[in-house]
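# Tertiary structure, described
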Amino acid sequence: MAEPQESTEEEAFGITEGLLSDVMEAVSRGEGRTVDAILEPLHPADIAHLLEQIDTRERRDLLAVWSDRVDGEVLSELDDHLREEVIGQLAPAELAEAVRNLDSDDVVDLVEYLGEEQQEAVLDALDAGDRVVVEQALSYPEESAGRHMQSELVRAPEHWNVGEAIDYLRSDVVLPDQFYHIILVDPRLKAVGYVSLGRVLSHPRNTPLKELAEDTFRTFHVAQDVEEVAQAINHYHMITAPVVDDDDRIVGVITIDDAMAFLEEEAEEDILRLAGVGEGRLSDKVIDTTKRRFPWLAVNLVTAIFASLVISLFEETIAGLVALAVLMPIVASMGGNAGTQSLTVAVRALATRDLTTANMWRVIRREVLVGLINGLIFAVVMGIVGVVWFGSPMLGVVIAVAMVVNMVVAGLAGTVIPVILEKMGIDPALASGAFVTTVTDVVGFFAFLGLAAVWLL
């Protein structure tokens, strides 16, 4: 019996190259029913991923023949920069139908970066009550818990028992599509605890809900930074984070799926910023990508010129011993790589709140000692290389000492610079790289060429 052949077709989540080809072929022939049949069984996230894989013209052609069009879940899965483009191709009636069944937090996420005209079109599509909720969320600061919370939640008086809660859930009350906790409130609607659905369903009807309240309960203010809330959810293994107003009344919740999505987005942004490419995507236009990358390339050019000025101070030294020109990039490169390692660790620790004032000096001391040890090891290696390659013991000593100095400075700069930038209110992920590279280049060149000028010439 022949064994089934394994597919060698590359798959991105639920989108294969063959599926994408079939969709675009059907689009080119104007076969809307075929497009509907292919896309109908796909998850909204997969449809969004497919839309991100094709260019602007292909997206326009696809939306023109796809009779089912885009629903709210697909829109909420799209990258921010594509939503405006796709929404612009939807008729008002289609847009209204797409957003009607979304949770409030998804609607807010959908409209907050849209232009004023498109934002108004989405708000007009909502029921009066839903529109008030969304407009209230949009009134909170951009990175606040109030902006990202979900207003749909389940509350119960703190004096209820399990039976009363179950009867309430089974009544004709409108419930969120997904929820994990029943929030317990006092007569003033102040949140006093929460009970997971699992505990409710696994206890007798006469059990008071207060006896089942979880120890992880804590509330967060609407103005609190949403990143802090997400980190608290992750740190305390919470599923639901109740959000309260100035009077401690419950106004919404942030759930674990939204928190993890936010932390993932923040981590992705930090990685891109460390590379100086901002928040670029593969589907961005050439001009947009160029504008985003140009400023940091310009900064790097200025820092490179500054490093070159240091080299120019030692023109006579380099002219007197050509071997210095061969070896000095090694010192700078090793320092730059060591600095990047320390920088990456520090930026991540700052983002996760692991690096604090309490442990800052311990971390700095550790990174400096790591730089010293690595510097000594590679100093021995480069000292030997200097002797064997150029036959000069003193040249080996110079590059060895310069290597140690630069590796120590790299460990120090890679940790201290992000901390200083954060204290100044500057995103360390965005600006640290250029400063650390400048420091390691300047110190590396100055130490190596300066020692060479004193000891060799």
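Placed above this text is the structure.
Below or above, wherever it landed, is the structure these notes cover. Only a predicted model underlies this, so the values are computations on that prediction, with no experimental measurement involved.

Definitions and limits used
- Residues numbered from 1 in each chain as written.
- Predicted model: local features only at pLDDT ≥ 70, side-chain atom pairs only at ≥ 80, totals over all residues.
- Heavy atoms only, no water.
- Buried < 20%, exposed > 50% of the residue type's maximum accessible area, 1.4 Å probe, protein only.
- Helix = DSSP H or I, 4+ residues; strand = E, 2+ residues; numbered from the N terminus.
- Pairing = 2+ DSSP bridges.
- Right-handed = clockwise from strand over helix to strand, strands pointing away.
- Arc of directions from axis to C-beta.
- Contact = heavy atoms within 4.5 Å.
- Axes fitted to C-alpha atoms, helices over the stretch in contact; angles between N-to-C directions.
- Phe/Tyr/Trp six-rings, centres within 6.5 Å; stacked < 30°, edge-to-face > 60°.
- Lys NZ or Arg CZ within 6 Å of the ring centre and 35° of its normal.
- Core = buried A, V, L, I, M, F, W, Y, C linked by side-chain atoms within 4.5 Å.

Strand β4 (residues 181-185) sits mainly inside the fold: five of its five residues count as buried. Burial along β4 is two-sided: the face carrying His181, Ile183 and Val185 and the face carrying Ile182 and Leu184 are both buried. The pairing of strand β3 (residues 155-157) with β4 spans three bridges and is classified as parallel. Within the sheet, the bridge partner assigned to proline 157 lies in β4 and is valine 185. What joins β3 to β4 is helix α12 (residues 162-169), and the crossover it makes is right-handed. Examined bridge by bridge, β4 and strand β5 (residues 191-196) share five bridges and lie antiparallel to one another.

Three or more residues of helix α2 (residues 32-39) are buried, namely Gly32, Val35, Asp36 and Leu39. Buried residues of α2 fall within an arc of 100° about the axis and therefore sit on the same side. For α2, the exposed residues set more than 90 degrees away from the buried face come down to Arg33 and Ala37. Against α1 (17-28), α3 (44-53) and α4 (56-65) lie the buried residues of α2.

Judged by pairing direction, the sheet is mixed, and its three strands sit side by side in the order β6-β7-β8 without closing on themselves. Each edge of the open sheet is held by one strand with a lone partner, namely β6 (220-221) and β8 (250-255). Sheet contacts for helix α14 (residues 226-235): β6, β7 (240-244) and β8; angle to β8, the most-contacted strand, approximately 60°.

Before going further, it helps to spend a moment on the packing of aromatic side chains. Pairs of aromatic rings are described using the distance from one ring centre to the other and the angle between the two planes. Taken as a whole, this structure holds four aromatic pairs when the rule is applied. Measuring from ring centre to ring centre gives 5.7 Å for phenylalanine 314 and phenylalanine 446, while their planes differ by 75°; the resulting arrangement is edge-to-face. With phenylalanine 314 in the loop between α16 (286-312) and α17 (315-320) and phenylalanine 446 in helix α21 (residues 428-455), the pair connects residues that are 132 residues apart, well separated along the chain. Assessed through its relative accessible area of 48%, phenylalanine 446 is described here as partly exposed. Here arginine 218 stacks its cationic end above the ring of tyrosine 236, 3.8 Å away from the centre of that ring.

Here we come to the nonpolar core. Formed by 42 residues in total, the largest nonpolar core has its most connected members in Val23, Leu39, Leu50, Leu62, Trp66, Leu75 and Val99. It is α1 that contributes the most residues to this core, five residues altogether. Listed in part, the 27 residues of the second largest apolar core include Leu324, Val331, Met382 and Ile399.

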